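Residue-level structure breakdown
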Amino acid sequence: MQALIDVILPVFIVIGAGYLASWRRLLPEQVIDGLMEFTQTIAVPCLLFRAMWQLDLGSNFSIPLLLAFYGGAVAAFAAGLFGARLLFGRDWEDSIAIGFVCLFSNTLLLGLPITERAYGPDALSGNYAIIALHSPFGYTLGITAMEIARARGTQIRRLPLTVLRAVFRNALVVGILIGITFNLGSVTLPEPVTQALDMVTRTALPGALFALGGVLYRYRPEGDLRAILFVCSIALGLHAALTYLFGNLLGLSTDNMRSAVLTAAMAPGVNAYLFANMYGRAKRVAASSVLIGTALCVVTSWVWLQVLP
C-alpha cells in the first residue's frame, strides 16, 4: 500500500490535475493541445535525446530485455487483432487498430515516472532502451499490417515508403536518433547549452502528464464496453504477464526485469488513439481504452510492484 501512495499516486495526481483543469474549463482546449504539442515535439524529444546521448549503448541495449518486452508486445498485438476479429466480428482494419491499442503501452508518460519513483533514476536504463525502439517498432508493425489489409492493386508497392515516412516523421524517433548519433560520435556540447537542455527536459514529464490528463477528459467511454475491457485485460495483464514469463526464461537482471514488466503493465498510450484516428478505425474503442486503462493502471501497476523483486 505504501508503494501505491508514494510511487503511483503522485503520477496520477498530476494527470488528475490536468483532467480537472479541462473539466472545470480552467484551461481551454487550445492550451492543453499546445502543452501536449510542446511536450511531444520539444520537451520529451529533448529528454530522449539527452538520455540516448548519455546512455551506455553497449551494456544497456540488452537483447534478452528487448526480446522479453517486445515478445510480449507482439503476442498482445496478435491477441488483440484476432480477438477483435473472432470474438467481436470486427473487419480486418478495425481488428488491426484494436491490436495496436493492445501493443502500444504508455512507456514514456507512465512507465518512466512510475519506474523512477519506485526504483530511482539509476534504474531507468532498461526503460530508455525499450523507449528507443518503441515508436519505430510499434508503428512499423501497425502500419505494415494496416497497409497490407488496405492494399488494393499497386498500393502494396508503396508500403515501404509509407512506413518509413510515418516512422521518421515522429519527433520522438528523431530525438532518439540524434541522441544515438551524438553518443556514437562522442559529441560534446558547451556547458550553457547542456544546462539549457536540462531546463527543458525537467518540464517534459510533469508537463506531459498534466496534458495527458487534459486530453483524456475528451475521451468519454462510449459503447463497445466488452471490446474495451478485452483490450484493457490484454494491455494491462497479458502483456506484462508474458514479459514476466519471458524475462524469467531469459534470465533478466533485477533492474531489467523491473523496467520490462512495469513498462509492459502500463495502459495504452495516446499514440494508440492517434493510430486509430489516423486510419479512422476503432476510434471509440481506442479512446475509451486509453481513458479506462489509465484509470485501472493505478491498481495494476501497484500489483506488479508487489510481484517484482
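Throughout what follows, the structure given in this document is the object of discussion. (Residues numbered from 1 in each chain as written. Predicted model: local features only at pLDDT ≥ 70, side-chain atom pairs only at ≥ 80, totals over all residues. Heavy atoms only, no water.)

**Focus on the layout of surface pockets**
Which parts of space are left empty comes out when a probe the size of a water molecule is rolled across the atoms. The volume enclosed by the largest pocket comes to roughly 930 Å³. Lining the largest pocket are 39 residues, and of these Gln40, Tyr139, Asn170, Asn271 and Leu274 sit closest to its centre. Those elements that provide at least two residues to the lining of the largest pocket are helix 2 (29-54), helix 6 (107-119), helix 7 (125-150), helix 8 (159-168), helix 9 (171-184) and helix 14 (270-279). (1 Å grid on protein atoms, 1.4 Å probe; cavity = no way out; pocket = protein on both sides within 12 Å on 5 of 7 lines; lining within 4 Å. Points joined across faces, edges and corners; volume = space filled by probe spheres on them. Helix = DSSP H or I, 4+ residues; strand = E, 2+ residues; numbered from the N terminus.)

**A look at the state of the cysteines**
The tally for this structure, following the rule as stated, stands at zero disulfides. Among the cysteines around Cys102, which has no disulfide bond, Cys232 carries the closest sulfur, lying 8.7 Å off. The class of Cys102 is buried, set by a relative accessible area of 1%. The class for Cys232 is buried, based on a relative accessible area of 3%. (Disulfide = S-S within 2.5 Å. Buried < 20%, exposed > 50% of the residue type's maximum accessible area, 1.4 Å probe, protein only.)

**Considerations on the side chain of Asn271**
With respect to the secondary-structure elements, Asn271 resides in helix 14. A distance of 3.1 Å separates polar atoms of two side chains, one belonging to Asn271 and the other to Tyr139. Asn271 has contacts with Phe100, Phe104 and Tyr139, leaving out every residue within four places of it along the chain. (Polar contact = N/O pair within 3.5 Å; in protein donor to acceptor, adjacent residues only side chain to side chain. Contact = heavy atoms within 4.5 Å.)

**Focus on the packing of aromatic side chains**
Tallied over the full model, the rule gives 15 aromatic pairs. Residues Phe82 and Trp92 carry aromatic rings whose centres are separated by 6.2 Å and whose planes lie at 90° to one another, so their mutual orientation is edge-to-face. Placement of the pair is Phe82 in helix 4 (residues 63-87) and Trp92 in helix 5 (residues 92-103), with a sequence separation of ten residues. For Phe82, a relative accessible area of 44% gives the class partly exposed. A relative accessible area of 40% means that Trp92 is categorised as partly exposed. (Phe/Tyr/Trp six-rings, centres within 6.5 Å; stacked < 30°, edge-to-face > 60°.)

**Some remarks on unusual backbone geometry**
Positioned with a positive phi, Ser186 is a non-glycine residue whose angle comes to about 50°. Position of Ser186 among the secondary structure elements: in the loop between helix 9 and helix 10 (191-201). Despite not being glycine, Ala282 shows a phi value in the positive range, around 50°. Secondary-structure assignment places Ala282 in the loop between helix 14 and helix 15 (283-307). Residue Ala282 is classed as buried on the basis of its relative accessible area, which comes to 10%.

**Some words on the side chain of Thr294**
Position of Thr294 relative to the elements: it lies in helix 15. Those residues within four positions of Thr294 in sequence are excluded, and the remaining contacts are Phe12, Ile15, Leu110, Leu216, Ala267, Pro268 and Ser289.

**So, the environment of Gly111**
As for its placement among the helices and strands, Gly111 is situated in helix 6. Taking the C-alpha atoms as reference points, Gly111 and His134, separated by 23 residues in sequence, lie 12 Å from one another.

**Brief notes about helix 9**
If you check helix 9, its first and last C-alpha atoms are 20 Å apart, about what 14 residues at 1.5 Å a residue would give, namely 20 Å. Listed in full, the buried residues belonging to helix 9 are Leu172, Val173, Gly175, Ile176, Gly179 and Asn183. All buried residues of helix 9 project into a common sector of 160° when viewed along the axis, lining one side. Seen from the open side of helix 9, the exposed residues pointing more than 90 degrees away from its buried face are Thr181 and Leu184. At the exit of helix 9 stands Ser186, carrying a positive phi of roughly 50°. (Expected span 1.5 Å × (residues − 1). Arc of directions from axis to C-beta.)

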